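Each chain, written out:
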Amino acid sequence: MKLSTTRLLAGALFAATAAGIVPLGPSGALVAPTAQAQNFGERTVSGTVLNANADPVSGATVFLKNQKTKTIRSFSSLTNGHFHFAQVNMTEDFDLWAEKDGHKSAVKTVSSWDQRKDFISDLKLK
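This text gives an overview of the structure that appears in the document. (Residues numbered from 1 in each chain as written. Predicted model: local features only at pLDDT ≥ 70, side-chain atom pairs only at ≥ 80, totals over all residues. Heavy atoms only, no water.)

**Observations concerning the side chain of S112**
So, point 1. Counting through the fold element by element, S112 comes out in the loop between β7 (108–110) and β8 (118–120).
So, point 2. Apart from the residues within four sequence positions on either side, S112 is in contact with R43, M90, T91, E92 and D93. (Helix = DSSP H or I, 4+ residues; strand = E, 2+ residues; numbered from the N terminus. Contact = heavy atoms within 4.5 Å.)

**Topic: the pairing of strand β5 (residues 94–100)**
So, point 1. Counting buried residues in β5 gives five out of seven residues, a clear majority hidden from the surface.
So, point 2. Pairing geometry for strand β2 (residues 61–66) and β5, over six bridges, is antiparallel. The residue of β5 that forms the bridge with K65 is D95.
So, point 3. Direction of pairing for β5 relative to β7: antiparallel, over a ladder of three bridges. Bridge assignment links D95 to a residue of β7, and that residue is T109.
So, point 4. As paired strands, β5 and strand β6 (residues 103–104) are joined by two bridges and run antiparallel to one another. Bridge pairing in β6 links K100 to H103.
So, point 5. A loop of two residues connects β5 with β6, the two strands running antiparallel in sequence, and D101 in this loop sits at a positive phi of about 50 degrees. (Buried < 20%, exposed > 50% of the residue type's maximum accessible area, 1.4 Å probe, protein only. Pairing = 2+ DSSP bridges.)

**Regarding the side chain of D114**
So, point 1. Along the chain, D114 falls in the loop between β7 and β8.
So, point 2. In this structure D114 comes out as buried when scored by relative accessible area, which is 18%.
So, point 3. Filtering out sequence-adjacent residues up to four positions away, D114 remains in contact with R43, M90 and F119.

Shown next, in the form of structure tokens:
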């Protein structure tokens, strides 16, 4: 015995509605699902570049490298050693480090798993 296409679709629709996959309006009528925008957001990455004596380092180059695309942004630390990157995508992972006069800090990871909107880290030159 063959089921008609209409009966098959009606059965599938009933099962999907019962499972909550197809939304129903207040009157019980089918409602077209609406797209939900996903806002993963952006964060800021900031901190201070320090020398071996924990003094602020002015003019150090701070790098922020996207681990997937390999694109690099850079910032020269201010006179107080501070650096700041705005509009850093929270869904991607980044490497963060500083360099000056042949000295380099350890590389830190800004992870997509870290949900902080403000990622703050000091970078100590070795």
